[in-house]
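Spelled out, the chains give:
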Amino acid sequence: DDVPLKYQTACEMFNTGKYAKAARMFENLKLATSGTPQDDTVQFYTALSHYEYGDIYSAEPAFESFIGVFPLSPFTERAKFLRIDCLYRQTLRYELDQTPSVKALNAMHQYLYEHPSTPFRGNCEAMIADLNERMDRKDFEAAKLYYTIEEYKAAHYALKNVLKNDAAN
């Protein structure tokens, strides 16, 4: 029941690279530190522990929750970028559904709009370029398939859309 000791232990676990244990400790501290000056730190480090452990599927909603609850925290800009990184890592190969890519792209554009001079700008631009290339490749492969099965009219329109979408990027 010693909250300061649990907090110190969780921080030590995080600093020594024991991210899974640190995440559990920070999760347990959330209720006890709610409304205290440590609240945003505990919430941020819960998400960051999941992220550092490699559990992007737990980290992303934890960062999203943190951003919604603590929009003015000093950790918020970094949390937004790390959430975007989680979304980017959740995207699929070009052959598969690109809904996660669209979600990640929207989040990246919003982030760059809100933080135009962010130190993470280069990372975001590289991720945007990669996702746009993946989506273009998916469209091109679909058009190529029409051509292969000798549906030339459909191939014509599909390729025309590829060029139009690529010009927009």
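For the structure, check the block above.
Sequence order as written defines residue numbering, which begins from 1 separately in each chain. For a predicted model such as this one, the threshold for reporting local features is a pLDDT of at least 70, and the threshold for listing and counting side-chain atom pairs is 80 or more; totals across whole chains, interfaces and linings nevertheless cover every residue. For side-chain calculations, the full set of non-hydrogen atoms in the structure is used, while hydrogens and water are omitted.

Student: Could you clarify how one ought to interpret the packing of helix 4 (residues 56-69) against helix 5 (residues 76-89) in this entry?
Tutor: Geometrically, a packed helix pair is captured by the angle between its two axes and the distance between the axes. Interhelical geometry of helix 4 versus helix 5 gives an angle of 145 degrees and a closest axis separation of 9 Å. Two packed elements cross with a definite hand, and for helix 4 against helix 5 that hand is left-handed. Packed against helix 4, whose contacting residues are I56, A59, E60, F63, E64, F66 and I67, the element helix 5 presents T76, A79, K80, L82, R83, C86, L87 and R89 at the interface. For this classification, Asp, Glu, Lys and Arg are treated as charged, while Ala, Val, Leu, Ile, Met, Phe, Trp, Tyr, Cys and Pro are nonpolar and the rest, including Gly, are polar. When grouped by side-chain class, the residues that make up the contact of helix 4 with helix 5 number nine nonpolar, one polar and five charged. All axes are obtained by fitting lines to C-alpha atoms, using only the stretch in contact for helices, and the reported angles, taken between N-to-C directions, cover 0 to 180 degrees. Helix and strand definitions follow DSSP, with helices as H or I runs of at least four residues and strands as E runs of at least two, each counted in order from the N terminus. The handedness criterion is simple: a crossing whose near helix is rotated anticlockwise from the far helix by less than a right angle is left-handed, and one whose near helix is rotated clockwise is right-handed. The contact definition used throughout considers only heavy atoms, calling two residues in contact when any of these lie within 4.5 Å.

Student: Just to check I follow, could you spell out helix 1 (residues 3-15) for this structure?
Tutor: Residues that lie three or four places apart on an α-helix share one face, since the helix turns once every 3.6 residues. Between its first and last C-alpha atoms helix 1 spans 18 Å; for 13 residues at 1.5 Å apiece the expected length is 18 Å, and the two agree. Considered for burial, the residues of helix 1 that qualify are Y7, A10, M13 and F14. Seen along its axis, helix 1 keeps its buried residues to an arc of 125 degrees; they face one direction. Set apart from the buried face of helix 1 by more than 90 degrees, the exposed residues are P4 and N15. Those residues of helix 1 hidden inside the fold are in contact with helix 2 (19-33) and helix 3 (39-53). Two residues or fewer after helix 1 comes G17, characterised by a positive phi angle close to 85 degrees. Any helix carries an expected span of 1.5 Å times its number of residues minus one. Working definition: with a 1.4 Å probe on protein chains only, accessible area under 20% of the residue-type maximum means buried, over 50% means exposed, and in between means partly exposed. Comment: arc refers to directions from the helix axis out to C-beta atoms.

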